[in-house]
Amino acid sequence: MNVLITGGAGFIGSSMAVELISRGHSVRILDNLSPQIHGTDPNFSPTLLRVKGKVDLHVGDVTNLDDWKKALQGIDCVVHLAAETGTGQSMYEAHHYMNVNVCGTAHLLDLLSHEGSNVKRIVVASSRAIYGEGKYVDGHGTVHYPVARHETDLKSGVFNPTYNGEELESVPTTEDTPFSPTSIYGISKQVQEQMILVAARTKGISAFALRYQNVYGPGQSLKNPYTGIISIFSKLLLANQPINIFEDGLESRDFVFIDDVVNATCAAIEHPDASAIESINIGNGIATSVARVADILKDLYRSDSALTTTGNYRLGDIRHNTADLTKAKQILGYASKTTVETGLKRFSEWVNTQKVNTDDSYQNSLDELKEKGLLK
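Scope of this entry: the structure provided in the associated data block. (Residues numbered from 1 in each chain as written. Predicted model: local features only at pLDDT ≥ 70, side-chain atom pairs only at ≥ 80, totals over all residues. Heavy atoms only, no water.)

Some thoughts on the packing of helix 1 (residues 11-22) against helix 10 (residues 258-269)
Look at helix 1 against helix 10: their axes get within 10 Å of each other, and the N-to-C directions meet at 60 degrees. Overall, the two elements helix 1 and helix 10 adopt an arrangement that is oblique. When you trace helix 1 past helix 10, the crossing you get is right-handed. Counting all contacts with helix 1, which are made through Phe 11, Ile 12, Ser 15, Met 16, Glu 19 and Leu 20, the residues of helix 10 involved are Ile 258, Val 261, Val 262, Thr 265, Cys 266 and Ile 269. Along the lines of polarity and charge, the residues of the contact of helix 1 with helix 10 split into 9 nonpolar, 2 polar and 1 charged. (Axes fitted to C-alpha atoms, helices over the stretch in contact; angles between N-to-C directions. Helix = DSSP H or I, 4+ residues; strand = E, 2+ residues; numbered from the N terminus. Parallel < 35°, antiparallel > 145°, perpendicular 65-115°, else oblique. Left-handed = near helix turned anticlockwise from the far one by under 90°. Contact = heavy atoms within 4.5 Å. Nonpolar A, V, L, I, M, F, W, Y, C, P; charged D, E, K, R; others polar.)

Observations regarding the packing of helix 9 (residues 229-238) against helix 11 (residues 290-301)
When two helices pack together, their arrangement is given by the angle between the helix axes and by the axis-to-axis distance. The contact between helix 9 and helix 11 brings their axes to 10 Å, and the two run at 40 degrees. On the basis of their axis angle, the class for helix 9 and helix 11 is oblique. For helix 9 against helix 11, the interelement crossing comes out right-handed. Packed against helix 9, whose contacting residues are Ile 229, Ile 230, Phe 233, Ser 234, Leu 237 and Leu 238, the element helix 11 presents Val 290, Val 293, Ala 294, Leu 297, Lys 298 and Tyr 301 at the interface. By residue class, the composition of the contact of helix 9 with helix 11 is 10 nonpolar, 1 polar and 1 charged.

A look at the packing of aromatic side chains
Centre-to-centre distance and the angle between the planes together describe a pair of aromatic rings. For the structure on display, the rule yields 3 aromatic pairs. Site record: aromatic cluster; members linked through ring pairs are Tyr 216, Phe 255 and Phe 257. (Phe/Tyr/Trp six-rings, centres within 6.5 Å; stacked < 30°, edge-to-face > 60°.)

Topic: the environment of Thr 288
Along the polypeptide, Thr 288 turns up in strand 17 (residues 288-289). Note on Thr 288: relative accessible area 9%, which makes it buried. Note: C-alpha distance between Thr 288 and His 320 (32 residues apart in sequence) is 9.3 Å. In contact with Thr 288, other than residues within four places in its own chain, are Glu 251, Ser 252, Arg 253, Phe 255, Val 293 and Val 340. (Buried < 20%, exposed > 50% of the residue type's maximum accessible area, 1.4 Å probe, protein only.)

Purely spatial values, then, with no claim about function.
Below you can see the structure in the form of structure tokens.
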């Protein structure tokens, strides 16, 4: 197939491009080479260099209709990865996030109706953020879908969602969980996913919305201070700088290795059902606490950094979320093959081959959150 990957010069996109080429597909990339991801000179961006000369590279922006028009010519399948992704940053750059994630997607959908469009399938990178807290149970086994945590609880050190004063227990989140995003980013991804699935039904094309969990691995940006806690921790640990972990450190995420994400996405691209329209979780299926990740990375880097749980919290953050992967296995034949321990080892080995600059970008991002009243 002729495949267009938006955001294809980034972390996930470049990994996808390399794999698709190895499978015999032709790949075109539309990417704006954002400095927040690629640095001030994209010519030195590792992920861009990974695909340069191997793909048809279009430097452009998904918010520009003309860039979409050029990039879509002759394309059979669109893998729509281009998005703004910082949860905290989205809370004070709402217009920008909605413009890129929602309005940029609207351009794509408008062009699908134009004469000459060859697009038969869209695979969009959705997000676990659309669930918010996701699925929980109480002591009696009753299922709850809590909304954003109350600041009064967070102030008093009660970090788990509660119901009638009882702390709830997180369980794997299924795709039928109600949407309850707790950030502007989450809202933008929910709207983006729904737009694509609705348009696919009305236009008679296939679409997969893959609800990625926390993706990590070699190639992940070491420059972006707004997303990617594993990268952020790595930079601090290599510099032997202290790490202040929010809340009590027991907040957990479903960390999924890049190779697993690429395999799942390829399965969606190549799915034999030409009329399939699905929303599917893609993760590791196992909850790992932030404190555990910090401990593993500290050992891998042999760092002298002090690890401290601070009790601080960010408004809009969720406590836990783990993907139920039953549907992914049934429809895509997907199963995660990389444990967190193995994945972090492979990531750290890659980081040790990179030139890692220590700067104030992460601290500056925290200062921005404090200034906006989002970090307590």
